[in-house]
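So the chains spell out like this:
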Amino acid sequence: MSMERRDLFKLAGVAAAAAVLPSVAVTTAGAAEIANKASGKTVLVVGGGFGGLTIAKELKKKDKTIDVTVIEKKDIFMACPFSNTYLGGLEGVSLETLTHDFYAPATKHGYNFVQAEVTAIDRKAKTVTTTNGNFTYDILVLSPGIAYDYKGQFPEWSEEKIAHVAHACPAALMPGSEHLALKRQLVDMDDGDVVIVPPAQGKYRCPPAPYERTSMVANYLKEEGIKGKVIVLDTRGGKFSKGAAFQESWKDLYDGIIDYKGFTKVIDVDPAKNEITYLEFTDAASLLEGDPEEAKKHTIKYQVCNLIPNNICSPVIKMAGLETNPAGYALMDGYTLRSKTDKDVYVIGDAVSHGIPPSGHTAIWTAKRAAGQIQAQLAGKSFDPKAGLPVPVGNVCYSMVSGNPEEAIMVTHEFVAHENGMLVGNGNVPKPKDGNGKFRSKGTGKATREWFAGVKRELFM
Amino acid sequence: MERRSFLKMTGASAAAVVISPSLITQRLYAEDGLSLYESYEKVHLKDADGNPLKASTLQPEVNYVFNFPHIATPCILVDLGRPANTNVKLKADDGTEYLFKGGVGKNGSIVAYSAICPHQLTHPTPDDSFFQYLERKGKTLALPNANEAGVFVCSSHLSAFDPVNGGKAIAGPATEGLTQIVLEIDENDELWAVGALGANRFHDYMDAFKPEFKKYYENKRKAKRLVKDEAKVVALKHFTKEIIQY
Ligand SMILES: Cc1cc2nc3c(=O)[nH]c(=O)nc-3n(C[C@H](O)[C@H](O)[C@H](O)COP(=O)(O)OP(=O)(O)OC[C@H]3O[C@@H](n4cnc5c(N)ncnc54)[C@H](O)[C@@H]3O)c2cc1C
Ligand code: FES
C-alpha cells in the first residue's frame, strides 16, 4: 500500500488545529492557583505519548463526564515506531509520516491538552505542578516513558562530556531532535562506517529497535552505494529480540555490510575525532567478568555513531514518590495498572514494572486496560485485575529488515498473569506463511506499514 | 438521533406497503427496538457478468467482496458452510445491546459483514487485503491455541471475529464486533443487501482514507455516495492483488 494514503489523514488534523485552542485556561500565576477543578471525576494524564493519548481518548469514550487533561511537554507528536524506516530512506516515509499535532484528537474526543512540563507531583494534596500552571486530580495517570542512563553506564564521564556525546552520537530512542540529527548525519555521510551501540543491559524501550535500525541503515548504505559497514557493538552475543530472524536476514541481505560484534563493552567515545573505543571479549562469560586483560581493546573511526545508552524509567515516577524497582519503573499493585503505593495513581506504557515488552502496542494495551480499571474505580466498583487473561496476542511487533523490496519480520507476545505476581509477556517469532521458509516476507513488510497506519488512527482519530 | 427518526419513518411506510421483503426485515428489527440497525435502500447483488447472484452458487468458505452501503465501503460475503447462530445478543463498545438474527440461505449459513476492521479500520483494497474470512481448516496467529479457524482475521494487529455469532470480537485488540450487513434472499435465490447492524465506523473511515479514495474512486465525495440499485460481487482473490493473512 502506498504510504501516501495514510499520510494524508494527518492533514485533516492540521486543519482542525487551526480552529481550536486548548480549553483549559492555563496560567503562570502563583503556586496556589489551580487551573482546573476536582470534579470527583478529574483525571490528569502525564505524558502525551502512546499510552497517554490512548487513555485520554478511551476514558472519554467510556464516559463523557470524566474530565480528562493530558499534560505533555512537547509541542509536536512524533512516533518512534516506524522511525527506523525514515532513517533507512524507505519510499514515501517522511517526517510527516511520523508526526502529528496534538489538537485534533483532543478536540474530537473532548479532552484537554496542555503543553507543559510536569516539574513536581504532590500526592497528598493531589496536585501537579507544571511549567504552565498547577493542576489537581482525583486520579493521576503516568505515562512518561523512559530516560537515558549515561551516568550509570559511563560513571567517569562528566556532564559536559555526556551532553557532547548525546548530541554528537544521538541515541534516537526518544523521538525528536535525536532522530533528525541522526538522519542528517546519515544523509551527509561520506564513505565509511556507521557504528550502532544497542543498550548494554537492562530493560530498554523496544527490544528489537536497535537491530531494526541496523537493518535499515544497512539498507541505506546498500541502496546509496556507500562504501562502508554497519558495525554493531553489542553485549548480547546474538541472543536479542527476534535474534535468529534478524541474523538470517542480515546474512541473506547484508553480507559484508553488517559487522555484528556480540561481546563488547564500549568505554569511550571521542566525538571530536569521530572515534569510539571498546573492549572485545571472546564470549558471554568473559564479558560478564569484564576483566580488561581478557579482552582486546579497539579504537575505530566512524562516520556516524548511534550510541544508545542503558535506559531507566522517566524521573516522573520518582517525582511522584512512588515505590520503584532499581531502574525506576513503578511497582504495581498486583496484576493491575495501578501503582503499588497509591490507589489513585495509575502507571501505563514503558514505565510499568510488569514483565511485558516496552512497546507502543503494549502501551496502548495497558492504556485501554487501565481506562476500564479507572472507570470502575470512579464508579466505586471493584474490578478483576486478571479479567481477560491470558491474552493470546497482547503485543505484535514488526521490524522492517529490507527496503527493496520491503520485507519484515515479526514477534507476538502472549500476556499472562504470572505466578510471580506480575503481568508477563511470552514471545513467539513465527515464520510467515508467505516467507518461503524464511522469517521475513513481503507480506510482513506491508503489515509493518499497515500496523503503523492503524496505530496512528488509534491515537489521532 | 438521526438514525432513530429515520427508522421511525421507515416504520410508518412499512405499515402502508407490506409486500417488499426488505420492509419486512426492517419491521423485524423494529420489533427488537431497532437497536443499532440502519436500513439503506436495498441493493441487488450481481455477479461479475451483471447477472443476479444466486445464493446457491456461492462456494463455501470463500470470500466475496461487494461495496455497501457506500461506494467505498467494502463488505465481505461468505457462505460459512454451517449455519450461523440465531438471536445472538451483542454489545457495542458504548454498551448498546443489539441482536444478531442469523444468516440467510437454505442453511442460514450465508452472512455478510462490513470489511472495515472495527479496531483501526484496516480493510481490503485493490492493492492488498489484511482483512478476510479464514476457512475453518486455516491457521492464524490471532488464535494460536485454537483447533480451527472459521473466523474473520485482521492481520494488521491480529484481531479475530466470529461470523457465526454476529461478528463478535473474540481475539486481539479489537473490542467491538464487526458491522453485520443484513441480507435478504428472495424466491429466486437472489441476494439483496438491505441494512447494517451493530456499531459502524463508516464515518471515521471516510475521514481516514481521503487519499485512498482519490486513488480508487476519483474523489471523496464520490466514494461517500450510497450504492444505488446494485452492487457487483467479486471473489476477494479477484478484488485484490494480494491477500495477506497471519
Ligand atoms: C526506534 C524505535 C522503534 C520502535 N518501534 C516500535 C514498534 O515497531 N512497535 C511498537 O509497538 N513499539 C515500538 N517502539 C516503542 C514505543 O515507541 C514505546 O514503547 C512507546 O512510545 C511507549 O509509550 P509511553 O506512553 O510509555 O511513552 P512515550 O510514547 O514515550 O510517551 C511519553 C511522553 O511523556 C512525555 N513526558 C515525559 N516527561 C514529561 C514531563 N515531565 N512532563 C510532561 N510530559 C512528559 C514525553 O515527552 C512523551 O511524549 C519503538 C521505539 C523506538 C525508539
Ligand atoms: S486494524 Fe484490524 S486488528 Fe487492528
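Residues numbered from 1 in each chain as written. Chains lettered and ligands numbered in written order. Predicted model: local features only at pLDDT ≥ 70, side-chain atom pairs only at ≥ 80, totals over all residues. Heavy atoms only, no water.

Draft legend 1. Summary view of unusual backbone geometry. Across the junction of Asn404(A) and Pro405(A), the peptide omega takes the value 0 degrees, indicating a cis bond. Here Pro405(A) lies in the loop between β20 (391-403) and β21 (406-417). Between Phe68(B) and Pro69(B) the backbone carries a cis peptide bond, its omega angle lying at -10 degrees. Mapped onto the elements, Pro69(B) comes out in the loop between β2 (64-67) and β3 (74-79). Positive phi outside glycine occurs at Asp229(B), with the angle close to 65 degrees. Mapping Asp229(B) onto the fold places it in the loop between α5 (220-224) and β14 (230-232). (Helix = DSSP H or I, 4+ residues; strand = E, 2+ residues; numbered from the N terminus.)

Draft legend 2. Fine view of the side chain of His413(A). With respect to the secondary-structure elements, His413(A) resides in strand β21. When near neighbours in sequence (up to four residues on either side) are disregarded, His413(A) contacts Pro357(A), Val391(A), Pro392(A), Val393(A), Gly394(A), Asn395(A), Gly425(A), Asn426(A) and Gly427(A). (Contact = heavy atoms within 4.5 Å.)

Draft legend 3. Expanded view of helix α4 (residues 210-217) of chain B. Those residues of α4(B) not exposed but buried are Pro211(B), Glu212(B), Phe213(B) and Tyr217(B). Phi turns positive one or two residues past the end of α4(B), at Glu218(B), with a value near 75 degrees. (Buried < 20%, exposed > 50% of the residue type's maximum accessible area, 1.4 Å probe, protein only.)

Draft legend 4. Fine view of the site of ligand 1. All names here are of chain A. In the vicinity of ligand 1 lie 34 residues, with Glu 72, Cys 80, Ser 143, Arg 205 and Gly 360 positioned nearest. Backbone polar atom of Val 118 to a nitrogen atom of ligand 1: 2.9 Å apart, as the coordinates give it. Considering ligand 1 on its own, with 990 Å² of exposed area, one finds that the protein chains cover 94% of that surface. For the shell around ligand 1, the elements supplying multiple residues, two or more each, are α3 (50-62), β2 (67-72), α4 (83-87), α10 (209-224) and α14 (360-378). Counting residues per element, the shell around ligand 1 draws most heavily on α14, at three residues. Along the lines of polarity and charge, the residues of the shell around ligand 1 split into 15 nonpolar, twelve polar and seven charged. Residue assignment places the shell around ligand 1 across two domains, with domain 1 (2-145 + 314-384) and domain 2 (151-310) each supplying three or more. (Near = heavy atom within 4 Å. Polar contact = N/O pair within 3.5 Å; in protein donor to acceptor, adjacent residues only side chain to side chain. Areas by Shrake-Rupley, 256 points an atom, 1.4 Å probe, with all protein chains shown as cover. Nonpolar A, V, L, I, M, F, W, Y, C, P; charged D, E, K, R; others polar. Domains from an automatic or database assignment.)

Draft legend 5. Looking closely at the environment of Ser39(A). Residues and elements named next belong to chain A. The residue Ser 39 is located in the loop between α2 (9-19) and β1 (42-46) in this model. Separated by 27 residues in the primary sequence, Ser 39 and Ile 66 have C-alpha atoms spaced 8.5 Å apart. With sequence-adjacent residues up to four places away left out, Ser 39 is seen in contact with Asp 67 and Asp 138. At 3.0 Å, the side chain of Ser 39 and the backbone nitrogen of Lys 41 are in polar contact.

Draft legend 6. Examining the domain arrangement of chain A more closely. All names here are of chain A. Parsing chain A into structural domains produces domain 1 (2-145 + 314-384) and domain 2 (151-310). If you average the C-alpha positions of domain 1 and of domain 2, the two centres end up 31 Å apart. Contact residues are listed per partner, giving 18 residues for domain 1 and 21 residues for domain 2. Both faces combined, the contact of domain 1 with domain 2 buries some 1,700 Å², and carbon together with sulfur accounts for 62% of it. Contact with domain 2 buries area across many residues of domain 1, yet Asn 84, Leu 87 and Pro 358 alone supply 37% of it, more than any other trio. Run the count over domain 1 and domain 2 and you get one salt bridge. (Buried area = accessible area lost by both parts, 1.4 Å probe. Salt bridge = Lys/Arg side-chain N within 4 Å of Asp/Glu carboxyl O.)

Draft legend 7. How the structure looks around the packing of α3(A) against α14(A). Residue and element names in this part refer to chain A. Running from N to C, α3 and α14 point in directions that differ by 35 degrees, and their axes come no closer than 8 Å. The way α3 lies across α14 gives a crossing that is right-handed. Mapping the contact onto sequence places Phe 50, Gly 51, Thr 54, Ile 55, Glu 58, Leu 59 and Lys 62 in α3 and Gly 360, Ala 363, Ile 364, Ala 367, Lys 368, Ala 370, Ala 371, Gly 372, Ile 374 and Gln 375 in α14. For the contact of α3 with α14, the class distribution of residues is nine nonpolar, five polar and three charged. (Axes fitted to C-alpha atoms, helices over the stretch in contact; angles between N-to-C directions. Left-handed = near helix turned anticlockwise from the far one by under 90°.)

Draft legend 8. Structural detail: the nonpolar core. Residues and elements named next belong to chain A. Among the nonpolar cores identified, the biggest contains 113 residues, and Ile 55, Leu 142 and Leu 307 are the most heavily contacted of them. Top element by residues in this core is α14. It accounts for seven residues. Inspection of this core shows a minimum of three residues originating in each of domain 1 (2-145 + 314-384) and domain 2 (151-310). Sequence-distant contacts of Ile 55, that is, excluding residues within four places in its chain, are made with Val 45, Val 141, Ile 348, Ala 367, Ala 370, Ala 371 and Ile 374. (Core = buried A, V, L, I, M, F, W, Y, C linked by side-chain atoms within 4.5 Å.)

Draft legend 9. The pattern of salt bridges, seen in detail. Per the stated rule, a full pass over the model turns up 32 salt bridges over all chains. Across the salt bridge formed by Glu275(A) and Lys301(A), the nearest N and O atoms sit 3.8 Å from each other. Here Glu275(A) is found in strand β15 (residues 275-280), whereas its partner Lys301(A) is found in strand β16 (residues 296-301), with 26 residues between them in sequence. Notably, a salt bridge pairs Glu190(B) with Lys54(B), separated by 3.8 Å at the nearest N-O pair. Of the two residues, Glu190(B) sits in the loop between β12 (180-185) and β13 (191-197) while Lys54(B) sits in the loop between β1 (37-46) and β2, which places them 136 residues apart along the sequence. Residue class for Glu190(B) comes out buried when judged on its relative accessible area of 11%. Assessed through its relative accessible area of 34%, Lys54(B) is described here as partly exposed. One network of salt bridges, with partners in common, ties together Asp252(A), Glu407(A), Lys438(A) and Arg440(A).

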